[in-house]
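Structural description and commentary
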Amino acid sequence: MLNVSEIRKDFPILNRKVNGKPLIYFDNAATSQTPQQVIDVIVDYYSNYNANIHRGVHSLSQEATDAYEQARLKIQKHFNAKHPYEVIFTSGTTHGINLVANGFSSLLKKGDEIIVSALEHHSNIVPWQMLCERTGASLKVIPMNESGELILSKYDTLLNENTKLVFVNHISNALGTINPIETIIEKAHKVGAAILVDGAQSCPHIKPDVQKLDVDFYVCSAHKLCGPTGVGMLYGKEDWLKKLPPYQGGGEMIAEVTFEKTTYADLPHKFEAGTPNISGGIAFGAAIDYMNSIGFDNIAAYEHELLDYATQQLQQIEGLKIYGTAKEKTSVISFNVGTIHPYDVGTILDKMGIAVRTGHHCAQPIMDFYKIPGTIRASFMFYNTKEEIDTFVAALKKAIMMLS
Ligand SMILES: Cc1ncc(COP(=O)(O)O)c(C=O)c1O
């Protein structure tokens with residue numbers, strides 16, 4: 001059981017008012033809020049040991065390096081990677097996906113096939129399209145059904161000996177569907193394809209075990225799990241990371257440089273060119289500590305309660321349609337009300353202090369599937385409450401009245 005009123009004290013932003021009303025923050029799938037414990041770590045870094053890492057013999061540099069590498073170990077442990085050097089710090093999920101897509105440029109050829117799913121965020125579509133343009137490989141799509149679930153029987157028909165890569169998210173940001181990634185991974189491996197799982201939306205709700213999943217690549221962003229923006233991680237199996245060429249050239253990723261030839265550093269540095277987001281990496285570790293102190297089982301159980309409660313309340317509103325009714329779902333509700341434009345609802349809710357996301361959620365193919373321009377999306381985290389949902393539902397009813 002979570003003590004939500006105690007947890008809420010960790011998040012200073014939850015005390016603020018927006019447009020004169022107490023903030024109700026239901027845009028967690030876009031970015032989560034940051035607890036004081038994580039903010040303190042960032043302030044401590046800049047107040048006490050701000051220095052570049054891996055390069056200086058002086059004390060500050062060593063302290064910063066130690067803290068940064070400690071964070072890598074925390075991330076390794078959290079995701080259960082076999083080795084710390086299988087954890088590459090990135091600027092976020094998008095960076096991690098592009099790093100892998102770029103790496104496969106020299107490994108794919110015309111006739112090869114890549115599979116994505118109909119439920120992807122643009123950042124797990126566009127880099128693969130660009131990869132196809134560079135290599136002549138072709139892109140296939142696992143379709144979805146009306147409930148927002150992937151049709152796995154169709155996935156079977158797409159897989160063959162030409163399939164080299166499969167990319168799928170663990171949880172859809174637009175609909176909240178939890179995809180059966182265990183099965184998807186197993187099937188990809190049966191035809192010898194590598195698989196990348198986009199964990200941007202799952203990392204705040206589920207603690208994945210990358211070894212047990214036997215996934216080849218797993219990517220996520222710290223800001224989705226109570227960490228700062230501008231930092232994330234790519235997990236890759238050692239063999240794959242050794243096979244892929246570096247993504248960016250620069251300082252830190254080299255072993256030796258002459259004008260004739262450069263040799264590259266070992267993992268993980270081969271993929272970490274330039275000065276990284278040092279405070280961000282350290283704070284990412286602190287965010288993982290924070291989430292684990294609450295416990296992922298507790299988080300999932302409570303958020304499910306919020307999802308069920310909000311779904312019941314919203315279903316009672318006449319003309320309201322929820323998009324994404326998968327059996328396995330996380331705490332995201334995407335909906336529209338009649339022909340009212342989502343943007344108008346979002347604007348009125350903001351006037352009442354309520355933050356929701358409106359639009360296509362960087363998932364235009366999903367909106368095209370439902371033949372809608374966008375949705376209103378409310379997404380909940382463990383620091384939200386049923387009382388907030390009540391206020392949100394009442395405000396929504398008012399907005400509907402104003403717009404009808
Ligand atoms: C499923 C999914 N993939 C990728 C991303 C991109 O994450 P970032 O912008 O942190 O790189 C997001 C962000 O919302 C997402 O929800």
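Residues numbered from 1 in each chain as written. Predicted model: local features only at pLDDT ≥ 70, side-chain atom pairs only at ≥ 80, totals over all residues. Heavy atoms only, no water.

Looking at an unreviewed UniProt entry, one finds the chain named Cysteine desulfurase and attributed to Winogradskyella echinorum. According to the UniProt record, the Function (unreviewed entry) comment for the chain is "Catalyzes the removal of elemental sulfur and selenium atoms from L-cysteine, L-cystine, L-selenocysteine, and L-selenocystine to produce L-alanine." According to its UniProt record, the chain has this under Sequence similarities (unreviewed entry): "Belongs to the class-V pyridoxal-phosphate-dependent aminotransferase family. Csd subfamily." (UniProt positions renumbered as here; feature names shortened; annotations may be inferred.)

Pairing in this open sheet of seven strands is mixed, and the strands run β4-β10-β9-β8-β7-β5-β6 from one edge to the other. Here the strands that pair on one side only, and so sit at the sheet edges, are β4 (87-90) and β6 (138-142). For this sheet the average axis-to-axis angle between neighbouring strands, irrespective of direction, equals 20°. Direction of pairing for strand β5 (residues 113-117) relative to strand β7 (residues 163-169): parallel, over a ladder of three bridges. Of the residues in β7, the one forming a bridge with E113 is T163. The strands touched by helix α4 (residues 93-103) within the sheet are β4, β8 (194-198), β9 (217-221) and β10 (232-236), with β9 carrying the most contacts at an inclination of about 150°. Across the sheet, helix α7 (residues 181-190) is in contact with β7 and β8; its angle to β8 comes to roughly 160°. (Pairing = 2+ DSSP bridges. Helix = DSSP H or I, 4+ residues; strand = E, 2+ residues; numbered from the N terminus. Axes fitted to C-alpha atoms, helices over the stretch in contact; angles between N-to-C directions. Contact = heavy atoms within 4.5 Å.)

In this section: the domain arrangement of the chain. The assigned domain composition of the chain is domain 1 (4-27 + 295-403) and domain 2 (49-292). For domain 1 versus domain 2, the distance between C-alpha centres works out to 29 Å. With 35 residues of domain 1 at the contact, the number on the domain 2 side is 31 residues. Interface area, domain 1 with domain 2, both sides summed: about 2,500 Å², of which 60% is carbon and sulfur. (Domains from an automatic or database assignment. Buried area = accessible area lost by both parts, 1.4 Å probe.)

This part takes up the packing of aromatic side chains. Within the structure shown, the criterion is met by 18 aromatic pairs. Ring centres of W128 and F167 lie 3.3 Å apart, and the angle between their planes is 15°; on these two criteria the pair is classed as stacked. A residue pair is termed long-range when its members are at least 10 positions apart, and W128 in helix α5 (residues 126-135) and F167 in strand β7 qualify at 39 residues. In terms of burial, W128 and F167 fall into one category: buried. An aromatic cluster is built from F11, Y290, F382 and Y383, whose rings are joined through pairwise contacts. The positively charged end of K243 is found above the aromatic ring belonging to W240, 4.3 Å away from the centroid. Across from the ring centre of Y309, 5.5 Å away, lies the NZ or CZ of K386, which sits over that ring. (Phe/Tyr/Trp six-rings, centres within 6.5 Å; stacked < 30°, edge-to-face > 60°. Buried < 20%, exposed > 50% of the residue type's maximum accessible area, 1.4 Å probe, protein only. Lys NZ or Arg CZ within 6 Å of the ring centre and 35° of its normal.)

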